[in-house]
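# Structural overview
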Amino acid sequence: MTAQHSPMAPAAIGPDPQGAPHRKRNVTLISAAMITDSAESGLLSALFPVIAASLGLATSALGVLIAAGRLVSVVSGPLWVFLTRYLARRTVLAIASGLWGVWAIVAAFSQDFVQLLILNTIAAAGFTAAHVFLPAIVGDSFPDAKRGRVIGWVYGALVISSSLLGPLFGQLADVPQGWRYGYVAIGVINILAGLAILLFLRDPGIGYMDGRADQHRAGTTTATDDGVSWRTVASLFRLPSYVVLIISRLLSPHPVLGAFAVVLLVEAHGLSIQVATAAFAPFGIGYLVGNIVIGYLGDIANRFSADHGRVTLLQLSQFAFGGLAFLATQVTYDGVWMYSLFFALMGAFQGWNPILNRPIVMAIVPPEQRGTAFGFMISIVESISYSVLALITGFVAGAIGTQGAVLWTIVAVVLVNGVVLTGLQVTFRRDRRALLARTETAPAAQPALAE
C-alpha cells in the first residue's frame, strides 16, 4: 500500500532534499553489477589474440562478437524495462545483472566461433539492465545539484575497475585456455552481485525526488514508468534536445576504441599482449579522474549557466577526445609511457560523456518517462551505435589494417559528433525550462514509506 492510500500515512512533507533513503547503498550495489557486467567486454578486448588463436578466428571476428553483444541489447534493454510493469526494479536487476551470469560460465566451454558467438550474445543480453536503470534510480534518489557527481563516481569506478581487470585478464594469455577461466570468473561474480541486489537494494520509487510519484514500499512491489512503447518513445522525440542527444549517441565511437586498443597496439605498434594491456590500463585511471572532476565541474557549470554549462562541456569533450585519439593511435612512439599518457587523457575526456549527458536527459524528460528515455538511448541507440561501428571497424581493419580503420571510424566520427552537439546550444534552454514549468504546476504527491 502506498503512503497516500494508507490511513496511517503521515502528513505530506515532500521528499528529503538530501536524497532518498538508502541512496548510497543502492548506487553501490548497482555499480557493482555494472562493473562485473563490463568485465566481459574487457575479457574479449584483452584476450582476443589468444581466443583467436584458440578457435582460429580472424580480426573481424572481434567486431562481430562485440556487435552481436551490443545489438542484443536493442531487444533486452527495453524488455528489462518492460518487466518492471510486473516485477520490482530490484528483482529485474537481480535477474538481468546477476543471475544471468550463468551464461558467461556456459560460454567458457565454447568449442568454436559459432558457439562462442551465441553464448556470449545471450550472456550480454543481461548486461544492459544495470546501465539502463542506474541513471533512472540516481534521478529518483538524488537532487539535481548532486546527480552529476554521483554518476561521475559510478562511471569512474566502472572504468577504473575495467582497466585494472584488463591487465589481470592479460596475464591469462600465458595460461593454456586461460580465457575460459576468465569467463567462469565473470559468471560467478555476476551471480554474487545479483544475490546482493536481491537482498539489500531498496528502491526509492520512480519520481521520489520530484515528490509526485506513486511510490512502492522498499522495492518490494512493482515500480513502473510509462513502460516501453512506441507512443512513449514518440513523445520523447518531440523534445528537440533529446533528438540531438540521440544523434550524438549514434556518432559515439569512444567504446569501440577501447575494444580495439590492445589489438591496435599489438598489430600497428609491435607491443606484446601483456605490454599492450598495461599501456592501455591508464585509460581507466584517466576515466576515473575525468568522471570525478567533471561531476563537480559539471555541477558548477550548471550553477553558472543551467542552459549552456553542461552542454558546452559535453561538446568540448568530443573535440578533445578526437585529437588525443589521433595522437594515440596514428603515431608510433619509442616509449610505452607516451601511449599510456594519451590513453589516460582520452579516458578523462570520454569520462565526461555519461556524467554530462545523463543529467541533461534528466533535465528535459519527465520522471515517469526517464526509464524509457534511458532505456531507448542506452540499450537501443548506444547499442546500435557501438555494434555498427565495431562491426565496420572490424571489417575495415581486415581490409586496410587496424590503424587505418581507427582513423576513419573513430577519430573522424567523434569529431563530427562534436559538431552535431552544437544543436543543444539552441534547443536545451527551451526544453529544460518547459519541464521546470510543468513541474512547478504539477500537484505534489506524498513521499513513500521507507524501511
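Residues numbered from 1 in each chain as written. Predicted model: local features only at pLDDT ≥ 70, side-chain atom pairs only at ≥ 80, totals over all residues. Heavy atoms only, no water.

### Concerning the overall build of the chain
To keep things clear, this is the line we draw: Runs of H or I in DSSP of at least four residues are treated as helices and runs of E of at least two as strands, each being numbered from the N terminus. To sort residues, take the accessible area from a 1.4 Å probe on protein chains only and compare it with the maximum for the residue type: under 20% means buried, over 50% means exposed, and anything in between is partly exposed. A 1.4 Å probe and the Shrake-Rupley method give the accessible areas. Residues count as covered only by the protein chains that appear here.
Along the chain, the regular secondary structure elements total 20 helices and 0 strands. By the burial criterion, 58% of the 451 residues in the chain qualify as buried. As displayed, the chain offers around 17000 Å² of accessible surface, 71% of which is attributable to carbon and sulfur atoms.

### Here we look at the nonpolar core
Cut-off, in case you're wondering: The term nonpolar core refers to a set of buried residues drawn from Ala, Val, Leu, Ile, Met, Phe, Trp, Tyr and Cys, joined through side-chain atoms within 4.5 Å. Residue contacts are defined here by distance: any two heavy atoms, one from each residue, within 4.5 Å place the two residues in contact.
In terms of nonpolar packing, the biggest core is built from 115 residues, with L93, Y183, Y242, F343 and M346 touching the most fellow members. The element best represented in this core is helix 1 (residues 23-55), accounting for 14 residues. Setting aside chain neighbours within four positions, we find L93 in contact with I30, G98, A129, A130, F133, I137, I197 and L201.

### What about a nonpolar patch on the surface?
The test is simple: Residues form patches when they are more than 30% accessible in relative terms and have no salt bridge. Like charges link within 9 Å. Nonpolar side chains (Val, Leu, Ile, Met, Phe, Trp, Tyr) link within 5 Å. When a carboxyl oxygen of Asp or Glu is within 4 Å of a side-chain nitrogen of Lys or Arg, the pair counts as a salt bridge.
Where nonpolar side chains cluster on the molecular surface, the patch consists of Y86, L87, I95, L99, V188, L192 and L195 and spans about 610 Å² of accessible area. Counting residues per element, the nonpolar patch draws most heavily on helix 9 (residues 178-200), at 3 residues. With respect to the helices and strands, the residue L99 is situated in the loop between helix 4 (89-96) and helix 5 (102-107). For L99, a relative accessible area of 38% corresponds to the partly exposed category.

### Examining the packing of helix 15 (residues 309-330) against helix 19 (residues 402-420)
Applicable threshold: To obtain an axis, a line is fitted to C-alpha atoms, over the contacting stretch when the element is a helix, and the angle between two such axes runs from 0 to 180 degrees between their N-to-C directions. An angle below 35 degrees is treated as roughly parallel, one above 145 as roughly antiparallel, one from 65 to 115 as roughly perpendicular, and anything else as oblique. Should the near helix be turned anticlockwise from the far one by less than a right angle, the crossing is left-handed, and should it be turned clockwise, the crossing is right-handed.
For the pair helix 15 and helix 19, the least separation of the axes is 7 Å and the interaxial angle reads 165°. Relative to helix 19, helix 15 is oriented roughly antiparallel. In this structure, the crossing between helix 15 and helix 19 has a hand that is left-handed. On helix 19, the residues touching Q315, Q318, F319, F321, G322, G323, A325, F326, T329 and Q330 of helix 15 are Q403, V406, L407, V411, V414, L415, N417, G418 and V419.

### Re unusual backbone geometry
A negative phi holds for most residues other than glycine; trans holds for most peptide bonds. The backbone of Q177 shows a phi angle near 55°, a positive value even though the residue is not glycine. Relative to the helices and strands, Q177 is located in the loop between helix 8 (144-171) and helix 9.

### A look at the pattern of salt bridges
Counting across every chain of the model gives 6 salt bridges. Residue R310 is joined to D299 by a salt bridge in which the shortest nitrogen-to-oxygen separation is 2.6 Å. With R310 in helix 15 and D299 in helix 14 (residues 282-304), this pair connects stretches of sequence that are 11 residues apart. D299 carries the same exposure label as R310, and that label is buried. Salt bridges sharing common partners tie together D307, R429, R432 and R433.

### Here's the deal with helix 3 (residues 73-83)
All buried positions along helix 3 are accounted for by S73, S76, G77, P78, W80 and V81. Looking at the buried side of helix 3, the elements it contacts are helix 2 (60-71), helix 4, helix 6 (113-124), helix 7 (128-141) and helix 18 (367-400).

### Examining the side chain of Q350
Structurally, Q350 can be placed in helix 16 (residues 336-350). With relative accessibility at 11%, the residue Q350 sits in the buried group.

### With respect to the packing of helix 12 (residues 254-267) against helix 15
Definition in use: We call Asp, Glu, Lys and Arg charged. Ala, Val, Leu, Ile, Met, Phe, Trp, Tyr, Cys and Pro are nonpolar, and the rest, Gly among them, are polar.
Look at helix 12 against helix 15: their axes get within 13 Å of each other, and the N-to-C directions meet at 10°. One way to sum up the angle between helix 12 and helix 15 is to call them roughly parallel. Across the interface between the two elements, H254, L257 and L264 of helix 12 pack against Q318, F321, A325 and T329 of helix 15. For the contact of helix 12 with helix 15, the per-class residue count stands at 4 nonpolar, 3 polar and no charged.

### Concerning the confidence of the model for the chain
What counts is decided by this rule: A residue's pLDDT is simply how confident the predictor is in it, with values from 0 to 100.
Averaged over every residue, the pLDDT of the chain is 79; residues scoring 70 or more account for 86%. Across the chain, the secondary-structure element scoring lowest on mean pLDDT is helix 8, at 72, and the one scoring highest is helix 11 (residues 240-250), at 94. Note on residues 213-227: pLDDT under 50 across the span, and 63 contacts to partners over four residues away in sequence or across chains.

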